[in-house]
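Residue-level listing of the chains:
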Amino acid sequence: MRRRTLVGLGLVLAAPFGAAPATFAADTRITHALILDGSGAPGRAGTLRIAGDRIAAVAYAPETLAPLPGEAVLDVRGLTLAPGFIDTHTHGDEQVREHPDALAAVSQGITTLVGGQDGGSELPLAQFFDALERQPVAVNVASYAGHGTIRSRVLGADYRRPATAAEVEAMRGLLRTEMAAGALGLSTGLEYDPGIYSTSSELVELARVAAAAGGRYISHVRSEDRSFWAAIDEILTIGREAHLPVQISHIKLAMRSLWGEAPRLLARLDEARRSGVDVTADIYPYLYWHAGLTVLFPERNFASLEAAEFALREVVPPEGLILARFLPVPAYAGKTLAAIANERGEAPAR
């Protein structure tokens, strides 16, 4: 399908590839559309009127909207009209000012990006939002406040340790400011530096700040493989103790030994919800995932051959690990670890 987006209105027209592009006037009556209203109900044939930057009226067949003087008419027979899609986990906030047309998003019908994911966000958010107000981009942008970003600001280069009580309080102060600026809540990336060095108590204290402002907690949890169940317990504990909704980002059983454990995982989450923890999770419908190689070494023991062999046996096979970039040897970009090992005449783990 090809999608044409009315970004200001948050509407999407979906058409087969090869269909003519849709064009819109400020005051337009869209006729013969299959309308999806966002409620989850089946699509219904109908007519929709746009007046300025608002949806002024909707009529469902067999009724229609009578034409108004000077109103443009767009017959979209055979097309589907839907609310704009929300990308609830994106890193597009890092690039949206460089690419204000947000072509990769709007060409898919996405009209809202939710950034600040995996512990990384703009800081301060007030400045980021002000810049978007002064120079608008083609999509709506919302953001979480990134724990990793805040932790780096407070601890600096000395982050490979638990934070002191004074440092946690300093982080809480920064988070209050970000929540007041409009952050949706707190995000963490606990397989990454510097979040991996945080304690659960640090996260609970920060999550309480987000909760007090009506925010949420979203996390790339501490482990998606070796310590997966402990990581799930941790996010449930944060939700329970801080009294806020918690979301597991791109949930996965990323270790061969965990395959087949999805029923156990769903049962754990269902049990938590019954006990009062508002926990949700999202998943992407493809096999590959993107991260730095550091996540394969949760103990940060990069020189350990045993740790490397375990990662390649249990987490990602050499033929499935593709380097997107490798600054020491740029020519390795786009190659699998298996191919690189073959070129070097070495075992993949080395």
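Below you will find a few notes about this structure. Once a new chain begins, its residue numbering starts again from 1 and follows that chain's sequence as written. For this predicted model, a pLDDT threshold of at least 70 governs which residues receive local features, and a threshold of 80 or more governs which side-chain atom pairs are given and counted, while totals over whole chains, interfaces and linings are taken from all residues. Values shown for side chains rest on all heavy atoms present in the structure; no hydrogens or waters enter the calculation.

**A closer look at the packing of helix 3 (residues 147–155) against helix 4 (residues 165–181)**
Move 1: At a closest axis distance of 9 Å, the pairing of helix 3 and helix 4 adopts a crossing angle of 130°. Relative to helix 4, helix 3 is oriented oblique. The handedness of the crossing between helix 3 and helix 4 comes out as right-handed. Residues Ile150, Arg151, Arg153, Val154 and Leu155 of helix 3 form the contact with helix 4, whose participating residues are Glu167, Ala170, Met171, Leu174 and Leu175.
Move 2: In this classification, the charged set is Asp, Glu, Lys and Arg, the nonpolar set is Ala, Val, Leu, Ile, Met, Phe, Trp, Tyr, Cys and Pro, and all remaining amino acids, among them Gly, are polar. For the contact of helix 3 with helix 4, the class distribution of residues is 7 nonpolar, no polar and 3 charged. Geometry is summarised by axes, namely lines fitted to C-alpha atoms with helices restricted to the contacting stretch, and by angles between N-to-C directions that run from 0 to 180 degrees. Here a strand is any run of E in DSSP of at least two residues, a helix any run of H or I of at least four, and the numbering for each starts at the N terminus. Roughly parallel refers to an angle under 35 degrees, roughly antiparallel to one over 145, roughly perpendicular to one between 65 and 115, and oblique to any angle outside these ranges. Definitions for this section: a left-handed crossing has its near helix turned counterclockwise from the far helix by less than a right angle. A right-handed crossing has that turn clockwise. In what follows, a contact means two residues having at least one pair of non-hydrogen atoms within 4.5 Å.

**Remarks on the layout of surface pockets**
Move 1: A cavity here means a set of points on a 1 Å grid, drawn over the protein atoms and nothing else, where a 1.4 Å probe fits but cannot get out; a pocket is an open set with protein on both sides within 12 Å along at least five of seven lines, and a residue lines either one if it has an atom within 4 Å of a point. Grid points are joined across faces, edges and corners, and a volume is the space filled by probe spheres set on the points. Here the second largest pocket is characterised by a volume of approximately 530 Å³.
Move 2: In this structure, the second largest pocket is lined by 24 residues; those nearest its centre are Leu293, Leu337, Pro348, Ala349 and Arg350.
Move 3: Where the lining of the second largest pocket is concerned, the elements lending two or more residues are helix 8 (305–314) and helix 9 (337–344).

**Focus: unusual backbone geometry**
Move 1: Geometrically, the link from Ala61 to Pro62 is a cis peptide bond, its omega value of 10° lying close to zero.
Move 2: At the junction of Leu123 and Pro124, the peptide bond is cis and its omega measures out at 0° in the coordinates.
Move 3: With respect to the helices and strands, the residue Pro124 is situated in the loop between strand 9 (110–115) and helix 2 (125–134).
Move 4: If you check the backbone angles, His243 has positive phi at about 60° while not being a glycine.
Move 5: With respect to the helices and strands, the residue His243 is situated in the loop between helix 6 (228–242) and strand 14 (246–248).

**A closer look at the sheet that holds strand 11 (residues 145–146)**
Move 1: In short, DSSP must find at least two bridges between two strands for them to pair. Pairing is parallel across the open sheet formed by 5 strands, whose spatial order is 11-12-13-14-15. Edge positions in the open sheet fall to strand 11 and strand 15 (279–281), since each of these has one partner strand only.
Move 2: Relative to strand 15, strand 14 runs parallel, the two sharing 3 bridges. Bridging from a neighbouring strand, Ile248 pairs with Ala281 of strand 15.
Move 3: Contacts from helix 5 (residues 200–212) reach strand 12 (185–189) and strand 13 (216–220), with the element oriented near 150° to strand 12.

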